[in-house]
Amino acid sequence: SGTPQFSDDISQQCHPDGLSLEARFSGNRLGIFDYTLGGYYFDETIHSDTALTITNTANWLKPNYFTKSYAGFGRLVANLSERFRVVGGIRNQG
């Protein structure tokens, strides 16, 4: 009966805020070529409030998470004949 008694309680609230955007520009038949150029952007912030109570002692955690990402991309198609084409692409991510 000398065993300590633990009680715990967790309360958490998350507040996400974000933006995602992709833009593409495509062109058909510039000579034998078709092309696509574009970019992608992602930005997210998460604010979190966490209360953890163990044996009548409250601990407050307030982590914030930040994510940013962006990329540029391109695709080029060479239409060499009605039945044969060569496709290439590239993506650069930051």
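One can find the structure itself at the top, above this paragraph.
Residues numbered from 1 in each chain as written. Predicted model: local features only at pLDDT ≥ 70, side-chain atom pairs only at ≥ 80, totals over all residues. Heavy atoms only, no water.

1. Let's talk about the overall build of the protein chain
Here comes step 1: Of regular secondary structure, the protein chain possesses 0 helices and 5 strands.
Here comes step 2: Counted from the first residue to the last, the protein chain has its helices and strands arranged as β-β-β-β-β.
Here comes step 3: Counting all 94 residues of the protein chain, 15% fall into the buried class. (Helix = DSSP H or I, 4+ residues; strand = E, 2+ residues; numbered from the N terminus. Buried < 20%, exposed > 50% of the residue type's maximum accessible area, 1.4 Å probe, protein only.)

2. Considerations on the pairing of strand β4 (residues 64–79)
Here comes step 1: Here strand β2 (residues 33–54) pairs with β4 via 15 bridges, running antiparallel. When the bridges of β4 are listed, T36 appears paired with R75.
Here comes step 2: Across 9 bridges, the pairing between β4 and strand β5 (residues 85–93) is antiparallel. Pairing of A78 across the sheet is with V86, part of β5.
Here comes step 3: Following β4, the chain reverses through 5 residues before pairing antiparallel with β5. (Pairing = 2+ DSSP bridges.)

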